[in-house]
Amino acid sequence: MRISMISEHASPLAALGGVDAGGQNVHVAALSGALARRGHRVTVYTRRDAPDLPTRVRVQPGLEVVHVDAGPAAYVPKDDLLPFMGALADAIAEDWAEAAPDVVHAHFWMSGVAALDAARRGPAGSGVPVVQTFHALGTVKRRHQGADDTSPPERRFLEPSLGRAADRIIATCSDEAFELKAMGIDTRTVSIAPCGVDLELFSSEGPADAKRRAHRILSVGRLVPRKGVDLVIRSLPHLKDLGFADVELLIVGGGGTGGRDPEARRLVELARSLGVAGQVELRGQVPRDAMPGIFRSADAVACTPWYEPFGIVPLEAMACGIPVVAAAVGGLTDSVVDRGTGLHVPPRNPEAIAGALAALLASPRLRTKLGRAGERRARARYSWNRVAEETEKAYRLAIAGMAGAARLEPMEGAAL
Ligand code: UDP
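Residues numbered from 1 in each chain as written. Predicted model: local features only at pLDDT ≥ 70, side-chain atom pairs only at ≥ 80, totals over all residues. Heavy atoms only, no water.

Colleague: Describe the pattern of salt bridges, with residues and values.
Modeller: Enumeration over the complete set of coordinates arrives at 29 salt bridges. Between Asp-95 and Arg-56 there is a salt bridge; the shortest N-O distance is 3.1 Å. Residue Asp-95 is found in helix 2 (residues 85-95), and its partner Arg-56 is found in strand 3 (residues 56-60); the two are separated by 39 residues along the sequence. Assessed through its relative accessible area of 28%, Asp-95 is described here as partly exposed. With a shortest N-O distance of 2.7 Å, Arg-288 and Glu-316 are connected by a salt bridge. Here the residue Arg-288 occupies a position in the loop between strand 11 (280-284) and helix 10 (291-296), and Glu-316 occupies one in helix 11 (residues 313-319), the gap between them amounting to 28 residues. According to the relative accessible area criterion, Arg-288 is partly exposed, its value standing at 27%. (Salt bridge = Lys/Arg side-chain N within 4 Å of Asp/Glu carboxyl O. Helix = DSSP H or I, 4+ residues; strand = E, 2+ residues; numbered from the N terminus. Buried < 20%, exposed > 50% of the residue type's maximum accessible area, 1.4 Å probe, protein only.)

Colleague: So what about the site of the ligand? Which residues, and what values?
Modeller: Of all residues adjacent to the ligand, which total 19 residues, the nearest are Gly-23, Arg-222, Lys-227, Ile-312 and Glu-316. Between the ligand and Arg-226, the relevant distance is 3.4 Å, taken from an oxygen atom to a side-chain nitrogen or oxygen of the residue. Within the backbone of Ile-312, an N or O atom sits 2.8 Å from an oxygen atom of the ligand. By residue class, the composition of the shell around the ligand is eight nonpolar, six polar and five charged. (Near = heavy atom within 4 Å. Polar contact = N/O pair within 3.5 Å; in protein donor to acceptor, adjacent residues only side chain to side chain. Nonpolar A, V, L, I, M, F, W, Y, C, P; charged D, E, K, R; others polar.)

Colleague: Just give me the short version of the packing of helix 13 (residues 350-362) against helix 14 (residues 364-381), but keep the residues and values in it.
Modeller: Packing of helix 13 against helix 14 brings their axes to within 5 Å, and their N-to-C directions diverge by 100°. The angle between helix 13 and helix 14 places the two elements in the roughly perpendicular class. Facing Ala-359, Leu-360, Leu-361 and Ala-362 of helix 13, the residues of helix 14 in contact are Pro-364, Leu-366, Arg-367 and Leu-370. Looking at side-chain class alone, the contact of helix 13 with helix 14 contains seven nonpolar, no polar and one charged residues. (Axes fitted to C-alpha atoms, helices over the stretch in contact; angles between N-to-C directions. Parallel < 35°, antiparallel > 145°, perpendicular 65-115°, else oblique. Contact = heavy atoms within 4.5 Å.)

Colleague: Can you tell me about the sheet that holds strand 3, naming the residues and giving the values?
Modeller: Taken in spatial order, the eight strands of this open sheet run 3-4-2-1-5-6-7-8, and their pairing is mixed. Two strands bound the open sheet, and with one partner strand each, they are strand 3 and strand 8 (190-192). Recorded for the sheet is a direction-independent mean angle of 25° between the axes of neighbouring strands. Summarising the sheet, strand 1 (residues 2-6) and strand 2 (residues 41-47) pair through five bridges and their orientation is parallel. (Pairing = 2+ DSSP bridges.)

Colleague: Please give an account of the pairing of strand 3 that cites residues and values.
Modeller: Sheet analysis places strand 3 next to strand 4 (residues 63-68), joined by four bridges and oriented antiparallel. Bridging across to strand 4, Arg-56 finds its partner in Val-66. In sequence, strand 3 turns back onto strand 4 through a hairpin of two residues, with Gly-62 there showing a positive phi of about 85°.

Functional significance is not addressed by these values, which are geometric in nature.
Have a look at this one:
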């Protein structure tokens, strides 16, 4: 198949751990790579966010990334990108003029706006089936972030109408499928395909970083409030009360200490005010290749977001054989098995986080058991090759649906 991917803000080539660079970048890069290895020809369109980026980058056989001029050639927060989606669609439609793809797969709602626009215009574009992965839903974001949600107001009506117009939607977890249904989307158009994990990079085999204290808790991700890193910091005094004082919390992602990252400053302040600053290290952004050694150095990985559309970090932890303390929200309820590969805790509850961490720190046997089961689960279910196979099925359904729709259209001149 010839596949076009659109990922307006999340380039597969970007460094990870910034405010807007995380799971979507990993997802688009790894899924595209896996599809190309399966023999497809994949082109990823993303916005040029720096002036010196080459227009076309060949990443591996069958996979290229195209940097499209749409808005300033500089970082623009993802919530401010809607005005540039028309320009993105123009450039994509132009690129399709010679040969349209068999399917276009949009990531995040704004890419979907550009995908529908490009797919429904002009003779080359018309008829390209659109597959949509939302990665996050505005309804869920609003529910949790309220007035702090910086999404443009148009998201309220554009996202559901995109959901109805797309030929197929890929939800990354069952919880998202329920949310889509609640938005009025026909679930017959919804496939579920999870995110995956790079099993060559992330495994329990290999060196582990040194830790500074008896126990290490790890938190990894973009440093934004909804990831709930503050809750893990708040759990440290409770953990002390439970007898675990010689514990360090390593936080990976974001700007690190000393920079201008407001969330990093807030977390440092919080740790100080709770008297646990000596236990907390903010490492800042860490390159991909250094991540496995960091995961392997942890006794437990804490993933305690307010909500989570999928969450690749718990899969990476599991693949490295490390148990996960996971808030029982969104995709985490699919990926982390409570008492199987980690422990579930209610959302936004530092005491419960401390209780779960204490149970793990108290028992090396439990840690090993859950860690090994996590590694088996990651290997059995979450290889990118398997995710690509599921994604292909969704593409085929979209293409077949489109062909079916074409057959229903009256032939030119036919009497109705
Ligand atoms: N990540 C990284 N370096 C960092 C911070 C994050 O490589 O400094 C990676 C992390 O390992 C994971 C991704 O960024 O692969 C975050 O994905 P996740 O789905 O957990 O969160 P999202 O960013 O989608 O909210």
